Structures are given as structure tokens and as C-alpha cells.
Amino acid sequence: MDKYVGKIMKNMLGMVFLAFGLCGCVTTTGNYRPIGDHSYPPRITGCDVEIFRDHAPSRPYTAISQLTVHVEKTALMASDYASASDELKYQACMSGADAVIDFKEQKSSYLETRMYNLTATGIRWMDRATRQ
């Protein structure tokens, strides 16, 4: 009986370690730096931020912040824009930006860890830039 219980415990322990390994770890960090001498107050969390990944906006704007997001995932999970977009929008809101332009993406990996770095520029519409 003890051999049987010991075998079950060993198998269960192996399954727990396998489950933790497959879940992996995800780390997402972000920050922003004001551009120029003027900074803007943060907008409310979850504010509406327009994203211009493929084209420049047609409306006049001024660049107000440099946004950075870094994502690391293990267990062979992909790190990409989709995994960084919420943090990017959060950092844009915190910097006072109305929209985001000029995306630069960089992917790399080391062993089972996939890394994704995103930099972009937070902008404020000119009709709002003079107001805080």
C-alpha cells in the first residue's frame, strides 16, 4: 500500500511541476519620459488613446512623450504587440497623450524566454496642447 501511495504522490508532484512549467511567467513593464520642457497631467486610467501604427494622423499634433514597453514571456509563449498594447495605452494616458505614433518594435529570445520591446511617441492634439 505504501508503495502505491508513494507512486501516486510522485506522479502528482511531477504533474504539478509540469503545470507550472507550461504556465510560464509573464512580465510587462512600461514607462514614459516627457519630450521637451513641458509635461502634461495624466489623463484618467483607461482613457481613449488613438493608435496610429500604419500611418500618421491628418490632424495637427505635438509630440509630448517617449513611451516604452518591455514584455518577457517564458514557456515558448509569443511576445508581441498584442501583449504590450494595454501597457502602451496606460503609459500614454499617464503621460497626457491623446494618441500614439512612430512605433519601433524589437523582438529577441534567450532559451525559452521571448522578449518584445516597443517604443513609440505620445502626441497631443494641437487644439489641446495649449490647455492642460
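Criteria and thresholds
- Sequence order sets the numbering: in each chain, residues are counted from 1 along the sequence as written.
- With pLDDT at 70 or above as the cut-off, local features in this predicted model cover only qualifying residues; side-chain atom pairs require 80 or more to be listed or tallied, and sums for whole chains, interfaces and linings still use all residues.
- Processing note: side-chain calculations cover all non-hydrogen atoms of the structure and skip hydrogens and water entirely.
- Only centres within 6.5 Å qualify two rings of Phe, Tyr or Trp (six-membered ring in Trp) as a pair; their planes then separate them into stacked at under 30 degrees, edge-to-face at over 60, and tilted for everything else.
- Helical segments are the DSSP runs of H or I of at least four residues, strand segments are the runs of E of at least two, and each set is numbered from the N terminus.
- Classification of residues uses two cut-offs on accessible area relative to the type maximum, computed with a 1.4 Å probe and protein chains only: under 20% is buried, over 50% is exposed, and between them is partly exposed.
- At least two bridges found by DSSP between two strands are what make those strands a pair.
- Note on definitions: a residue-residue contact is assigned when non-hydrogen atoms from the two residues lie within 4.5 Å.
- Only C-alpha atoms enter the line fits that serve as axes; for helices the fit covers just the stretch in contact. Angles between N-to-C directions range over 0 to 180 degrees.
- Criterion for a salt bridge: a side-chain nitrogen of Lys or Arg within 4 Å of a carboxyl oxygen of Asp or Glu.
- As used in this structure description, the phrase polar contact means that two N or O atoms lie within 3.5 Å; if the pair is within protein, one of them must be able to donate a hydrogen and the other to accept it, and residues adjacent in sequence are counted only when both atoms belong to side chains.

**Let's talk about the packing of aromatic side chains**
Okay, so step 1: Within this structure, the stated rule accounts for 2 aromatic pairs.
Okay, so step 2: The interplanar angle of 90° and the centroid separation of 6.2 Å between the aromatic rings of Phe 52 and Trp 125 together place this pair among those described as edge-to-face. Of this pair, Phe 52 sits in the loop between strand 2 (50-51) and strand 3 (61-73) while Trp 125 sits in strand 5 (residues 113-125), and the two are 73 residues apart along the sequence. Here Phe 52 matches Trp 125 in class, with each residue buried.
Okay, so step 3: Between Tyr 81 and Phe 103, the aromatic rings sit 6.0 Å apart at their centres with planes inclined by 70°, giving edge-to-face as the arrangement.

**Observations concerning the sheet that holds strand 3**
Paired through backbone hydrogen bonds, the strands of a sheet run either parallel or antiparallel to each other.
Okay, so step 1: The 5 strands are arranged 1-3-5-4-2 in an open sheet whose pairing can be described as mixed. The open sheet has two edge strands with one neighbour each: strand 1 (26-34) and strand 2.
Okay, so step 2: Summarising the sheet, strand 2 and strand 4 (residues 99-110) pair through 2 bridges and their orientation is parallel. Note that in strand 4 the partner of Ile 51 across the bridge is Val 100.
Okay, so step 3: This element, helix 2 (residues 81-95), spans strand 1, strand 2, strand 3, strand 4 and strand 5 of the sheet and lies at about 140° to strand 3.

**Considering the pattern of salt bridges**
Okay, so step 1: In the structure shown here, the tally under the stated rule is 3 salt bridges.
Okay, so step 2: Between Glu 105 and Arg 53 there is a salt bridge; the shortest N-O distance is 3.2 Å. Linking Glu 105 in strand 4 with Arg 53 in the loop between strand 2 and strand 3, this pair joins segments that are 52 residues apart in sequence.
Okay, so step 3: Arg 53 sits in the partly exposed class, given a relative accessible area of 38%.

**Description of the side chain of Thr 74**
Okay, so step 1: With respect to the element layout, Thr 74 can be found in the loop between strand 3 and helix 2.
Okay, so step 2: According to the relative accessible area criterion, Thr 74 is buried, its value standing at 17%.
Okay, so step 3: Within polar-contact distance, the side chain of Thr 74 engages the backbone nitrogen of Cys 25 at 2.7 Å.

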